[in-house]
Amino acid sequence: MTDPLPNALPFWLSLGMVPLALTGMYVGGWTVLLLPLYSWGMFSILDTLTGLNEANPDPATGEERLGLYRLITLIWFPIQFAVLCLMLWYVPRADHLVLVEKIGLFFGMGVISGTIGINYSHELMHQKSRLERWLADLLLASVLYSHFRSEHLRVHHLYVGTPKDPVTARYNEGFQRFFPRVLVSCHRSAWKAEVAMLARKGLPWHHLSNPYWRYAALQGGMMLLALILAGWQGLALFCVQAFVAIWQLELVNYIEHYGLTRRHLGQGKYEHVMPRHSWNAAHRASNWLLINLQRHSDHHYKPDRRFPLLQTYTEDDAPQLPYGYPMMTMAAMVPPLWKRIMNPRVKAWRKRHYPDISDWHAYNKALNQVPGGA
């Protein structure tokens, strides 16, 4: 038996970040901290107060009933873009703000464009609509991470839980090692995937259908706009928010599959992706903010399923995070704490699903044969 669709309005709580950004700009001081306090602090508290949501709506619900859910993702780019442009124009000229406050504001802007913007781009890039995919590209260009679309669709979803997926965090790998590794390897794997796709069509890497031309134009346009609005200081502050957004994204990537690997069947072949290959979190409030991204097990099982219809799972089918993403990302920044929380859970997951595997060294170090060759 399925449950009714959840109320759409809580998924619009991301709009609460806009007045907080404006307050920080005009008031300064401690108010520049409002954005991270809202997204990390308030939603961690709300998770404690509201508990888990383990209801599963009917996945066959028609598109005509999802309009209000989709709308927040469709309007987000113009809202985020307007806030970013206003901040670029106003903050460098604001005499009441000192340098540390200006950096703090663009740190907060990175929280907006990372926690919300990249997350919404992730939802949009999985859809068939050209409008939605363009909105995804624009959101990613605003944080100088356009290649994420290629890496996510052409590498991550195909090879998650195998040595060919850069963003499957390895067991016992701290975030301080994971982050620089993926900053390099994701660029490389995304480029190789696009070039390989062109080659299968008999086209050279420089063909105009290579999305990297679009990525370069959009990112170059964003940087030029920052320079026009606020000069070199504006460009530097724009890059601060982009870096913070990327850091937020990769923190989430680190959490979502930490230590979870698919069984190697030999000769570079792996079992199919199942819900058990992603960490699931049913925490109600943080799923409002992140439009059900924490129902990640179902997203990998059914990647084109829209966010209101994503299913949650029990411990029997998918491993469970003890807290929502806001708390878990903070824990990930302290590797000893992270390993104390997560390593026993990975070991329990292995005993539950793969009791016959006794030697995990090749899985821990990504030494199994790469799918499809090197």
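Above this note sits the structure.
Residues numbered from 1 in each chain as written. Predicted model: local features only at pLDDT ≥ 70, side-chain atom pairs only at ≥ 80, totals over all residues. Heavy atoms only, no water.

Focus on the packing of helix α7 (residues 175-200) against helix α8 (residues 211-256)
Okay, so step 1: Running from N to C, α7 and α8 cross one another at 110°; their axes reach a closest spacing of 10 Å. One way to sum up the angle between α7 and α8 is to call them roughly perpendicular. Where α7 crosses over α8, the handedness of that crossing is right-handed. Two secondary-structure elements touch here, α7 through F175, F178, F179, V182, L183, H187, A190, W191 and E194 and α8 through P211, Y212, Y215, F243, I246, W247, E250, L251, N253 and Y254.
Okay, so step 2: A breakdown of the residues in the contact of α7 with α8 according to their chemical character gives 15 nonpolar, 2 polar and 2 charged. (Axes fitted to C-alpha atoms, helices over the stretch in contact; angles between N-to-C directions. Helix = DSSP H or I, 4+ residues; strand = E, 2+ residues; numbered from the N terminus. Parallel < 35°, antiparallel > 145°, perpendicular 65-115°, else oblique. Left-handed = near helix turned anticlockwise from the far one by under 90°. Contact = heavy atoms within 4.5 Å. Nonpolar A, V, L, I, M, F, W, Y, C, P; charged D, E, K, R; others polar.)

Re unusual backbone geometry
Okay, so step 1: You will see that L144, though not glycine, has its phi angle at about 60°, which is positive.
Okay, so step 2: Counting through the fold element by element, L144 comes out in the loop between α5 (130-141) and α6 (147-159).
Okay, so step 3: In the Ramachandran plot, N292 falls in the positive-phi region, its phi being about 65° despite a non-glycine side chain.
Okay, so step 4: With respect to the secondary-structure elements, N292 resides in the loop between α9 (284-289) and α10 (296-301).

Comments concerning the packing of aromatic side chains
Okay, so step 1: In the structure shown here, the tally under the stated rule is 25 aromatic pairs.
Okay, so step 2: Considering the side-chain rings of W40 and F107, the 6.1 Å spacing of their centres and the 90° angle between planes classify their relative orientation as edge-to-face. Taken as a pair, W40 in helix α2 (residues 34-50) and F107 in helix α4 (residues 99-125) lie far apart in primary sequence, 67 residues in all.
Okay, so step 3: Given the relative accessible area of 18%, W40 is considered buried.
Okay, so step 4: Of the residues examined, F107 reaches a relative accessible area of 27% and is grouped as partly exposed.
Okay, so step 5: One cation-aromatic arrangement involves K302 over Y301; the distance from NZ or CZ to the ring centre is 5.5 Å. (Phe/Tyr/Trp six-rings, centres within 6.5 Å; stacked < 30°, edge-to-face > 60°. Buried < 20%, exposed > 50% of the residue type's maximum accessible area, 1.4 Å probe, protein only. Lys NZ or Arg CZ within 6 Å of the ring centre and 35° of its normal.)

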